[in-house]
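# Examination of the molecular architecture
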Amino acid sequence: MEYRAAELVRAAEALYLDGAAYEGSGEPMRHLDVAGGLLTYYVVPRLALVVICQVTPPVA
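Keep in mind the model is a prediction, meaning the values are calculated, not measured. (Residues numbered from 1 in each chain as written. Predicted model: local features only at pLDDT ≥ 70, side-chain atom pairs only at ≥ 80, totals over all residues. Heavy atoms only, no water.)

## Observations regarding the sheet that holds strand E1 (residues 30-34)
In space, the three strands of this open sheet follow the order E1-E2-E3, with antiparallel pairing throughout. Sheet topology places E1 and strand E3 (49-56) at the edges, where each strand pairs with a single neighbour. Each strand of the sheet is rotated relative to its neighbour by a mean of 30 degrees, with strand direction disregarded. Packing of helix H1 (residues 2-15) onto the sheet brings it into contact with E1, strand E2 (37-44) and E3, and relative to E3 it is tilted by some 150 degrees. (Pairing = 2+ DSSP bridges. Helix = DSSP H or I, 4+ residues; strand = E, 2+ residues; numbered from the N terminus. Axes fitted to C-alpha atoms, helices over the stretch in contact; angles between N-to-C directions. Contact = heavy atoms within 4.5 Å.)

Structure follows, in structure tokens:
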């Protein structure tokens, strides 16, 4: 899980090189399948944040 979160941060840094100057509305909330379940996140470019909202474990 930590590895995937770090990948999200690196991807956001590459996509929004100058986040403070970003003038768009940002990205919608997204979902990412990971081995440990489902990760729900969104990127806030102007604040240089990747917010992980929810981690859902896999269904047994």
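## Thoughts on the environment of Pro28
By the element assignment, Pro28 lies in the loop between H1 and E1. Expressed as a C-alpha distance, the spacing of Pro28 and Tyr42, which sit 14 residues apart in the sequence, is 6.3 Å. Apart from the residues lying within four places of it in its own chain, the contact partners of Pro28 are Tyr41 and Tyr42.

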